[in-house]
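Here is how the chains run, residue by residue.
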Amino acid sequence: MLPIELIGHFSRILSLSFRLFGNIMGEDLAIIILTMLVPYLVPLPMMFLQVFTSFIQTLVFIMLTMMYIVGSLEEAH
């Protein structure tokens, strides 16, 4: 049972990190496409919005990871 439990706990953290990477990469890709379409002033507000949303997403995923780790360390009652 121990190997199955360990794989289950590590897969949660790994899936969260892949989801965070995908979200931030999607935002970068959207800014690159927007820059190609309208090259001068339009991408600037999007870049500031991307920095803000990336920061918020990182905080959310850190909180989820901490909740998973704390939940895995609790004793069953």
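Use the structure listed above.
Here is a short report on the structure shown in this document. (Residues numbered from 1 in each chain as written. Predicted model: local features only at pLDDT ≥ 70, side-chain atom pairs only at ≥ 80, totals over all residues. Heavy atoms only, no water.)

## A look at the overall build of the protein
Line of reasoning, step 1. For the protein, the count of helices and strands is two helices and zero strands.
Line of reasoning, step 2. Its C-alpha atoms give the protein principal-axis dimensions of roughly 60 × 20 × 10 Å.
Line of reasoning, step 3. Burial status across the protein gives 12% buried among its 77 residues.
Line of reasoning, step 4. Per element, the accessible surface of the protein, about 6,400 Å² overall, is 80% carbon and sulfur. (Helix = DSSP H or I, 4+ residues; strand = E, 2+ residues; numbered from the N terminus. Buried < 20%, exposed > 50% of the residue type's maximum accessible area, 1.4 Å probe, protein only. Areas by Shrake-Rupley, 256 points an atom, 1.4 Å probe, with all protein chains shown as cover.)

## Observations regarding the side chain of Q50
Line of reasoning, step 1. Within the secondary structure, Q50 sits in helix α2 (residues 43–73).
Line of reasoning, step 2. The contact partners of Q50, leaving out residues within four places of it in the chain, are I24, E27, D28 and I31. (Contact = heavy atoms within 4.5 Å.)

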